Amino acid sequence: MPSKWQTLLVSASTLPVNDQLSAVNTFLHQSLSYVPDSLLYGMEDYWASPAELFTSQQGDCEDWAIASYVSLRALGIPDAQLRLVYVRARIGAENSGLSQAHMVLAYYPDTGAEPLILDSLIQAILPASARPDLTPVFSFNATGLWAGSGNQKSKQSATARLSRWRDLVQRLELQGIVL
């Protein structure tokens, strides 16, 4: 599977950004099956690298969002335009009070612009305003950490605050991927 991923990255490298988003999103939706970490890794929460994800072709929402992020970074999209977003995803009807932890990838076309959301739950890439089922808790990338949906950057880095992110970044570097 990593060779199919590499083929995707080569074929998408010359596309306009929106087509790159679509190509990565479509590839992940067609290539991966959802399996919770407890079944796949025997632990409650594990953030897989793309190599791990594509080898098993199975993962959860964090793995999917991380693979989207790493893919788009590899295609040259600046870190400032991408954020991994930890959200509460509403389950059920519009007035349902039930939610679960979930992760998506946000792409910001311009500074301060409304982000587009890439999500393992639905194939459509939609603006954040079209996703009232998602409530942002915090977001991060290789260079920062933000609370909620705002642009107030934390004084601490994501690697300092998020041990799973720190562990993943270290594994990525060992695999030759530098964010």
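Quick caveat: nothing in here was measured; it's all calculated off a predicted structure.

Before going further, it helps to spend a moment on the overall build of the protein. For the protein, the count of helices and strands is seven helices and eight strands. Here the C-alpha atoms of the protein give a radius of gyration of 15 Å, agreeing with the 16 Å that 2.2 N^0.38 yields for 179 residues. C-alpha atoms of the protein, sized along the principal axes, occupy 45 × 40 × 35 Å. For the protein, buried positions account for 41% of its 179 residues. Within the protein, contacts between residues separated by at least 24 positions form 51% of all contacts whose residues are at least 6 apart in sequence. Averaged over its 12 positive side-chain charges, the protein has a centre that lies 6 Å from the centre of its 16 negative ones.

Here we take up the packing of aromatic side chains. A full pass over the atoms with the stated rule returns eight aromatic pairs. Considering the side-chain rings of Trp5 and Phe54, the 5.1 Å spacing of their centres and the 40 degrees angle between planes classify their relative orientation as tilted. Of this pair, Trp5 sits in helix 1 (residues 2-12) while Phe54 sits in helix 4 (residues 50-56); the two residues are 49 residues apart in sequence, bridging distant segments of the chain. Take Trp5 and Phe54: they sit in the same class, and that class is buried. With a centroid separation of 5.8 Å and 70 degrees between ring planes, the pair formed by Phe27 and Phe54 is classed as edge-to-face. On the criterion of sequence distance, the pair formed by Phe27 in helix 2 (residues 17-31) and Phe54 in helix 4 is long-range, its members being 27 residues apart. A relative accessible area of 12% places Phe27 in the buried class. The exposure class of Phe54 is buried, given its relative accessible area of 1%. A connected cluster of aromatic rings, assembled from ring pairs, spans Trp47, Tyr69, Tyr86, Phe138, Phe140 and Trp165.

Criteria and thresholds
- Residues numbered from 1 in each chain as written.
- Predicted model: local features only at pLDDT ≥ 70, side-chain atom pairs only at ≥ 80, totals over all residues.
- Heavy atoms only, no water.
- Helix = DSSP H or I, 4+ residues; strand = E, 2+ residues; numbered from the N terminus.
- Rg over C-alpha atoms; globule rule 2.2 N^0.38 Å.
- Buried < 20%, exposed > 50% of the residue type's maximum accessible area, 1.4 Å probe, protein only.
- Contact = heavy atoms within 4.5 Å.
- Lys, Arg positive; Asp, Glu negative; His and termini not counted.
- Charge placed at Lys NZ, Arg CZ, Asp CG, Glu CD.
- Phe/Tyr/Trp six-rings, centres within 6.5 Å; stacked < 30°, edge-to-face > 60°.

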